[in-house]
Amino acid sequence: MNKISLPLYLVYLVAYLLVMLWVGIHHARQIKTMDHFLVAGREVGLWRIVGTTLATACGAAAFIGFVGLGYKTGVFGIFFWLIPFVFFGLIISLVFGGVIRRLNLYTLPDAFALRFGRGAALVPAIIQIIIYAIPTLAIQFIGMGTIFTTFFGMHLQLGVLLAFVLIAGYTIMGGMPATILTDAIQAIILTVGLLILFFVGLHYTGGVSRVLEITPPEFFKPLGRATVGGFLSLALTVGPFYLVWQTTWQRIYASRDVKTAVWGTSLGTVLTGVMLTISFFIGIIARGYLPPDLGPDLVFTHAISTVFPAALGGLVVLGLFAALMSSGDSFIMMGSASVARDIYQQFINPAATSERMLAVSRWSALLLALAGLGVALLGKGIVPIYLLVVKTAGAAVVFPFLALMFWRRATSKGVNAS
């Protein structure tokens, strides 16, 4: 396997991280309130919303996990993951986006508190923090640790620890303004990296005809080996989760107006669907030049090191770094918002000053990052973790959310029980 030389790697990595660090320090000096830290002062324009929506969705599960899934199962994952994601992502943006933005809140549980009282915010807040934010943050740490392991022979746990330091550092300093700005930059980097890997990998394998020749026919069947009932059961469990995905809600809250919220998240969702479709096909193409027994979580990084010389491969690795960091910072912010707003301010200190809430938000971000680090050190794989948390969080919150929006007779006790 080709390895990126350490001096060349340091040039790429140091330059990239210096930019991220500068963004964090720059915004740390400007942030004075919780409103600015958690929702960027509600001043974010269209293209930054598009970029942060795309970059957040294209994290470790999307890049490493989906490429590995395409390598093992073919196009089935496109129909199982992506079509439900885009469908329900557009529903939350186009149908509910305007309503959510006009509420001027901070989190999804905020909406439960507004309708049913503060007690109704506690259960969804715990679900958002413990069941979703912490495990998905851990996935990003595992993804970066996998990069360090594959290319540089670093022990996985050491790589995970380094990922924690890199992602948590600029996020805690710069909050949502730094997160959204760096996401916009990283969206460009990861898109270019994915496209380069797709076309170079296709050329390396021998073109479309060669890929079709060596790929088993079942890899191009929409349902793969699943029955229609089994497929619908999985898709309708995973898909509705994106109605209550707090990262989308935070981007809607951060948008400068209703139009920006609706069209920014909608366009970002569609572009995410396109880029992640490419991820699956990168995995299918990789069957032409990688060993058949390779673990799915290693396919992406092995593909990079196989088809690229060190100089160009290092640039593509930065694309993967961008994907992992952009999702990691978003999940830290997601959990931090729920801890600070939905638990501390709602139940512990409702009269907290703006300065106090800003401090709590930053400490919450640090605690969330540490919890994610702990889960990452114990994790057993990217796709299994993500599948578990999405199905669990979605099943718990989607129906109460629909009751909140559509059922006038819904009560706080009923929502909590549901």
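Cut-offs applied
Residues numbered from 1 in each chain as written. Predicted model: local features only at pLDDT ≥ 70, side-chain atom pairs only at ≥ 80, totals over all residues. Heavy atoms only, no water. Helix = DSSP H or I, 4+ residues; strand = E, 2+ residues; numbered from the N terminus. Rg over C-alpha atoms; globule rule 2.2 N^0.38 Å. Buried < 20%, exposed > 50% of the residue type's maximum accessible area, 1.4 Å probe, protein only. Contact = heavy atoms within 4.5 Å. Areas by Shrake-Rupley, 256 points an atom, 1.4 Å probe, with all protein chains shown as cover. Salt bridge = Lys/Arg side-chain N within 4 Å of Asp/Glu carboxyl O. Phe/Tyr/Trp six-rings, centres within 6.5 Å; stacked < 30°, edge-to-face > 60°. Lys NZ or Arg CZ within 6 Å of the ring centre and 35° of its normal. Patch = residues over 30% accessible without salt bridge, like charges linked within 9 Å, V, L, I, M, F, W, Y side chains within 5 Å. Axes fitted to C-alpha atoms, helices over the stretch in contact; angles between N-to-C directions. Parallel < 35°, antiparallel > 145°, perpendicular 65-115°, else oblique. Left-handed = near helix turned anticlockwise from the far one by under 90°. Nonpolar A, V, L, I, M, F, W, Y, C, P; charged D, E, K, R; others polar. Expected span 1.5 Å × (residues − 1). Bend = angle between axes of the 7 residues up to and from the residue.

**Some details on the overall build of the protein**
Argument step 1. Check the secondary structure of the protein and you find 18 helices and 0 strands.
Argument step 2. The C-alpha radius of gyration computed for the protein amounts to 21 Å, which stays within 12% of the reference 22 Å derived for 418 residues, consistent with globular compactness.
Argument step 3. When the backbone C-alpha atoms are referred to their principal axes, the protein occupies close to 65 × 50 × 40 Å.
Argument step 4. Within the protein, the fraction of its 418 residues that count as buried is 59%.
Argument step 5. Within the protein, contacts between residues separated by at least 24 positions form 87% of all contacts whose residues are at least 6 apart in sequence.
Argument step 6. Accessible surface computed for the protein: about 16,000 Å², of which carbon and sulfur atoms make up 70%.

**Observations concerning the pattern of salt bridges**
Where side chains of opposite charge bring their charged atoms close, a pairing between them can arise.
Argument step 1. What the rule picks out here adds up to 4 salt bridges.
Argument step 2. The closest approach of N and O atoms between Arg42 and Asp35, which form a salt bridge, is 3.5 Å.
Argument step 3. Taking relative accessible area as the criterion, Arg42 reaches 12% and is therefore assigned buried.

**Details of the packing of aromatic side chains**
Argument step 1. Here the structure, examined in full by the defined rule, presents 15 aromatic pairs.
Argument step 2. Residues Phe198 and Phe199 carry aromatic rings whose centres are separated by 5.0 Å and whose planes lie at 80 degrees to one another, so their mutual orientation is edge-to-face.
Argument step 3. Phe198 sits in the buried class, given a relative accessible area of 18%.
Argument step 4. Measuring from ring centre to ring centre gives 6.3 Å for Trp249 and Tyr253, while their planes differ by 70 degrees; the resulting arrangement is edge-to-face. Here Tyr253 and Trp249 lie together in helix H12 (residues 246-254), a separation of 4 residues that amounts to about one turn.
Argument step 5. With a relative accessible area of 0%, Trp249 lands in the buried category.
Argument step 6. Judged by its relative accessible area of 0%, Tyr253 falls in the buried class.
Argument step 7. Members of the aromatic cluster, joined through ring pairs, are Phe85, Tyr132, Phe241, Tyr242, Trp245 and Phe331.
Argument step 8. Sitting over the face of the ring of Tyr106, Arg42 holds its NZ or CZ atom 5.0 Å from the ring centroid.
Argument step 9. Stacked on the ring of Tyr71, the Lys or Arg Arg287 has its end atom at 5.8 Å from the ring centre.

**Things to note about a nonpolar patch on the surface**
Argument step 1. Nonpolar side chains collect at one region of the surface, where Leu46, Trp47, Leu94, Val95, Trp263, Leu267 and Leu271 lie side by side and expose about 690 Å² of accessible area between them.
Argument step 2. Listing elements by their share of the nonpolar patch, those giving two or more residues are helix H3 (46-57), helix H5 (76-95) and helix H13 (258-286).
Argument step 3. Here the nonpolar patch gets 3 residues from one element, more than from any other, and that element is H13.
Argument step 4. On the secondary structure map, Leu46 appears in helix H3.

**Focus on the packing of helix H9 (residues 156-205) against H13**
Argument step 1. H13 packs onto H9 with a crossing angle of 30 degrees between their chain directions and a minimal axis gap of 10 Å. One way to sum up the angle between H9 and H13 is to call them roughly parallel. Handedness of the H9/H13 crossing: left-handed. In this structure, H9 uses Thr191, Leu194, Leu195, Leu197, Phe198, Gly201, Leu202 and Thr205 to contact H13, whose residues at the interface are Met275, Ile278, Ser279, Phe281, Ile282 and Ile285.
Argument step 2. Of the residues belonging to the contact of H9 with H13, the class tally is 10 nonpolar, 4 polar and no charged.

**Overview of the environment of Pro222**
Argument step 1. Structurally, Pro222 is set in the loop between helix H10 (208-214) and helix H11 (228-238).
Argument step 2. Sequence spacing of Pro222 and Gly77 is 145 residues, and the spatial spacing of their C-alpha atoms is 8.3 Å.
Argument step 3. Residues contacting Pro222, with those up to four places away along its chain left out, are Val75, Phe76 and Phe79.

**A look at H5**
Argument step 1. In this model H5 runs 28 Å from its N-terminal to its C-terminal C-alpha over 20 residues, within 8% of the 28 Å that 1.5 Å per residue would give.
Argument step 2. Leu82 marks where H5 bends most, by close to 30 degrees; the proline Pro84 follows one to four residues later.
Argument step 3. Buried within H5 are the following residues: Phe76, Gly77, Ile78, Phe80, Trp81, Leu82, Pro84, Phe85, Phe88, Gly89, Ile92 and Ser93.

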